[in-house]
Amino acid sequence: MAEAAQRTSFVGTKIASGITEFAARLSKIDPNLTAAIKNGSVQVVDYALYCSRNLEKSTTIEAFQASDDKKVGVTNLNKRQLEANTYFLVTGIQVLESTKAIGGDVTVDNAEYGVIGNLIANGEFELKVGDKVLVPRNSMEVFRTSKYSDEREGYYELDCPKLISPLTDIVPWIYLPKSAENKALKIVLHGVKTNKA
């Protein structure tokens, strides 16, 4: 008990780890899964949910889509949902832009991605899960970190990590002032998830 109190004393600070943040939310997940975590049959592991999406001629983009199937280099989510009995705590979000136009030999799954440019930075980002807004519409400028910084390129650390439940639609929305045709974005949700030991 003292160990749990010590682990949760850092929650909500920059020094709290993803696993500490997850431990502080155990009361919010399925009690059977909590018991499985405590007995060691389920563990909490580092994980990143991602998708690469061609922007085409759109100004409003649903990054994860209901028609998505797992495909290496494109997305690691089926139907934009976590599997049954899988919880995910988002601790940071990363947005990267393709460095070359999509077309010909350059596709979303083999493109090189880097820091977002002016057009994308002038857009807005929102994260919805089910019918809840976890991250309200915010300037995409928060993802404009330099490749020379100590952080990951395009990474925005959440001061308030967000818990995502299984079988719930995860929908990052991108709103742009005008279309960025022939460009692609890579959206990565960093955090920790439950996984069989």
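Scope of this entry: the structure provided in the associated data block. (Residues numbered from 1 in each chain as written. Predicted model: local features only at pLDDT ≥ 70, side-chain atom pairs only at ≥ 80, totals over all residues. Heavy atoms only, no water.)

To continue, consider the overall build of the protein chain. In terms of helices and strands, the protein chain carries four helices and nine strands. Taken from the N to the C terminus, the helices and strands of the protein chain come in the order α-α-α-β-β-β-β-α-β-β-β-β-β. Within the span of the protein chain, comprising 197 residues, buried residues form 45% of the whole. Contacts in the protein chain between residues at least 24 apart in sequence constitute 71% of all its contacts with a sequence separation of at least 6. In the form shown here, the protein chain has an accessible surface area of approximately 10500 Å², with 48% of it arising from carbon and sulfur atoms. (Helix = DSSP H or I, 4+ residues; strand = E, 2+ residues; numbered from the N terminus. Buried < 20%, exposed > 50% of the residue type's maximum accessible area, 1.4 Å probe, protein only. Contact = heavy atoms within 4.5 Å. Areas by Shrake-Rupley, 256 points an atom, 1.4 Å probe, with all protein chains shown as cover.)

Moving on: the nonpolar core. Within the largest apolar cluster, 31 residues are counted, with the highest numbers of intra-cluster contacts made by Ile-93, Phe-125, Ile-170 and Leu-189. Elements represented by at least two residues in this core include exactly β1 (42-54), β3 (88-98), α4 (118-121), β5 (124-129), β6 (132-139), β7 (155-164), β8 (170-175) and β9 (184-196). For this core, the element with the highest residue contribution is β3, accounting for four residues. Among residues more than four places away in sequence, those in contact with Ile-93 are Phe-125, Leu-127, Val-135, Phe-143, Gly-154, Tyr-155, Tyr-156, Leu-158, Val-188 and Leu-189. Counting residues in each nonpolar core, the second largest holds eleven residues, with Phe-22, Leu-26, Ala-36 and Val-44 among its members. (Core = buried A, V, L, I, M, F, W, Y, C linked by side-chain atoms within 4.5 Å.)

Taken together, the four strands give an open sheet; going across it, the order is β2-β8-β5-β6, and neighbouring strands pair in antiparallel fashion. Each edge of the open sheet carries a strand with a single partner, namely β2 (60-62) and β6. Ignoring which end each strand starts from, the neighbouring axes of this sheet average 15° apart. As paired elements, β2 and β8 share three bridges and run antiparallel to each other. (Pairing = 2+ DSSP bridges. Axes fitted to C-alpha atoms, helices over the stretch in contact; angles between N-to-C directions.)

Trans is the common state for peptide bonds, and a negative phi is the common state for residues other than glycine. Phi angles above zero are rare outside glycine, and Lys-79 is one such case at about 55°. Positionally, Lys-79 belongs in the loop between β2 and β3. Despite not being glycine, Asn-85 has its phi angle at roughly 65°, a positive value. In this fold, Asn-85 is placed in the loop between β2 and β3. For Asn-85, a relative accessible area of 55% translates into the label exposed.

Within the secondary structure layout, Thr-75 lies in the loop between β2 and β3. A distance of 2.9 Å separates a polar side-chain atom of Thr-75 from the backbone oxygen of Tyr-50. At 3.2 Å, the side chain of Thr-75 forms a polar contact with the backbone nitrogen of Leu-77. (Polar contact = N/O pair within 3.5 Å; in protein donor to acceptor, adjacent residues only side chain to side chain.)

Take helix α3 (residues 31-39) next. Residues three or four positions apart in an α-helix share a direction because the helix packs 3.6 residues into each turn. For α3, the complete set of buried residues consists of Leu-33, Thr-34, Ala-36 and Ile-37. Down the axis, α3 shows its buried residues gathered within 160° of arc, on one side only. The exposed set on the far side of α3, more than 90 degrees from its buried face, consists of Pro-31, Asn-32, Lys-38 and Asn-39. In this fold, the buried residues of α3 make contact with α2 (18-23), β1 and β9. (Arc of directions from axis to C-beta.)

As a further point, take the packing of aromatic side chains. Within the structure shown, the criterion is met by four aromatic pairs. When the ring of Tyr-47 is compared with that of Phe-88, the centres are 6.4 Å apart and the planes differ by 80°; the resulting orientation is edge-to-face. Taken together, the positions of Tyr-47 in strand β1 and Phe-88 in strand β3 put the pair 41 residues apart, joining distant regions of the chain. With a relative accessible area of 0%, Phe-88 lands in the buried category. When the ring of Phe-143 is compared with that of Tyr-156, the centres are 6.0 Å apart and the planes differ by 80°; the resulting orientation is edge-to-face. Taken as a pair, Phe-143 in the loop between β6 and β7 and Tyr-156 in strand β7 lie far apart in primary sequence, 13 residues in all. An aromatic cluster is defined as three or more aromatic residues linked by ring pairs; in this entry it consists of Phe-125, Phe-143 and Tyr-156. (Phe/Tyr/Trp six-rings, centres within 6.5 Å; stacked < 30°, edge-to-face > 60°.)

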